[in-house]
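# Structural characterization, general
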Amino acid sequence: MAAFGGANAILTMASLGFVYVGIQPPMAELGLMTVELFPYYSEAPWLLAQPLMVIALLVFSFHLLAGKRV
């Protein structure tokens, strides 16, 4: 349950940062990074893919951690 809660917390913080409600700009936050990189998507789409891949990998790793049986 803790691993699913961690993945849910990551998605919640990223979505709050995406709508400018989360952590303020001096602090690094994945949702805010995604929004700030939107204007550069036409020139360099791989820049926008970086924070999105980090979010996906973090959530995937938490789900893998939760699925492991002892």
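Data block above holds the structure.
Described in the following lines is the structure provided in the data block. (Residues numbered from 1 in each chain as written. Predicted model: local features only at pLDDT ≥ 70, side-chain atom pairs only at ≥ 80, totals over all residues. Heavy atoms only, no water.)

The final tally for this structure, using the stated rule, is 1 aromatic pair. With a centroid separation of 5.9 Å and an interplanar angle of 80 degrees, the aromatic rings of F18 and F38 are classed as edge-to-face. Taken together, the residues span a long stretch of sequence, with F18 in helix α1 (residues 2-18) and F38 in the loop between α2 (30-37) and α3 (45-67) at a distance of 20 residues. (Phe/Tyr/Trp six-rings, centres within 6.5 Å; stacked < 30°, edge-to-face > 60°. Helix = DSSP H or I, 4+ residues; strand = E, 2+ residues; numbered from the N terminus.)

Before going further, it helps to examine unusual backbone geometry. Here Y20, not a glycine, exhibits a phi torsion of approximately 60 degrees, which is positive. With respect to the helices and strands, Y20 occurs in the loop between α1 and α2. The exposure class assigned to Y20 is exposed, which follows from its relative accessible area of 57%. (Buried < 20%, exposed > 50% of the residue type's maximum accessible area, 1.4 Å probe, protein only.)

Interpretation in functional terms is not warranted from these geometric data alone.
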